Each structure stands twice: as C-alpha cells, then as structure tokens.
Amino acid sequence: MRNFTARIIAPILMVTGFRFSKTWRVEDSGVKPWIFRHILNTTRANQIAEGY
C-alpha cells in the first residue's frame, strides 16, 4: 500500500519539484512519521520523482 501511494504521488512531485525531507521518516511523534509508517513511502516517492 505504501509503495502504491508513492507511485500515485510521484507525478505530482515531478511537476511541483517538491521532495519529502528526512523529517518524514526520522521524527518520533506527530503526523509526518505516522504518514510515513502507515500510508506513504516518502523515500520511494522521492526516488520515483527523480527518475530512479
């Protein structure tokens, strides 16, 4: 599921130039790490947007 949502988000990242920062995966609490753990693989989304 996380990789599927990364593929959906990647084209938006390509157009806007936005990239997810490291805080999305390393913070201990809050919304960003919850989204990273349960909904979106932000690292993979960045890779797809960069063309890898």
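Residues numbered from 1 in each chain as written. Predicted model: local features only at pLDDT ≥ 70, side-chain atom pairs only at ≥ 80, totals over all residues. Heavy atoms only, no water.

Let us now look at the overall build of the protein. Helix and strand content of the protein: four helices and zero strands. Element order for the protein, N to C, with α for helix and β for strand: α-α-α-α. In summary, the protein has a C-alpha radius of gyration of 10 Å against a globular reference of 10 Å for 52 residues, a match within 12%. Taken along its principal axes, the extent of the C-alpha atoms in the protein is 30 × 20 × 15 Å. A buried classification covers 29% of the 52 residues belonging to the protein. A separation threshold of at least 6 residues defines the contact pool for the protein, and within that pool the share at least 24 residues apart is 63%. (Helix = DSSP H or I, 4+ residues; strand = E, 2+ residues; numbered from the N terminus. Rg over C-alpha atoms; globule rule 2.2 N^0.38 Å. Buried < 20%, exposed > 50% of the residue type's maximum accessible area, 1.4 Å probe, protein only. Contact = heavy atoms within 4.5 Å.)

Attention now goes to helix α1 (residues 2–16). The end-to-end C-alpha distance of α1, which contains 15 residues, comes to 21 Å, matching closely the 21 Å that a straight helix rising 1.5 Å per residue would cover. The largest bend in α1 amounts to roughly 35 degrees and is located at I9, with the proline P11 lying one to four residues further along. Buried residues of α1: T5, A6, A10 and L13, and no others. Buried residues along α1 sit against α4 (42–50). G17, located one to two residues past α1, shows a positive phi value of around 85 degrees. (Expected span 1.5 Å × (residues − 1). Bend = angle between axes of the 7 residues up to and from the residue.)

Below, the discussion takes up the side chain of N46. Among the structural elements, N46 can be located in helix α4. Excluding its chain neighbours within four sequence positions, the residues that come into contact with N46 are L13, R19 and F20.

Judged by nonpolar contacts, A6, L13, F20, W24, L40, A45 and A49 together constitute the single largest core of seven residues. Of all elements in the fold, only α1 and α4 reach the threshold of two or more residues within this core. Contacts of W24, omitting those with residues within four sequence positions, involve K32, P33, I35, F36 and T42. (Core = buried A, V, L, I, M, F, W, Y, C linked by side-chain atoms within 4.5 Å.)

When two helices pack together, their arrangement is given by the angle between the helix axes and the distance between those axes. Close contact between α1 and α4 brings their axes to 8 Å; oriented N to C, the two are set at 45 degrees. As judged from the angle between their axes, α1 and α4 are oblique. The hand of the α1/α4 crossing is right-handed. Residue-level contacts link N3, A6, R7, A10, L13 and M14 of α1 to R44, A45, N46, I48 and A49 of α4. When grouped by side-chain class, the residues that make up the contact of α1 with α4 number seven nonpolar, two polar and two charged. (Axes fitted to C-alpha atoms, helices over the stretch in contact; angles between N-to-C directions. Parallel < 35°, antiparallel > 145°, perpendicular 65-115°, else oblique. Left-handed = near helix turned anticlockwise from the far one by under 90°. Nonpolar A, V, L, I, M, F, W, Y, C, P; charged D, E, K, R; others polar.)

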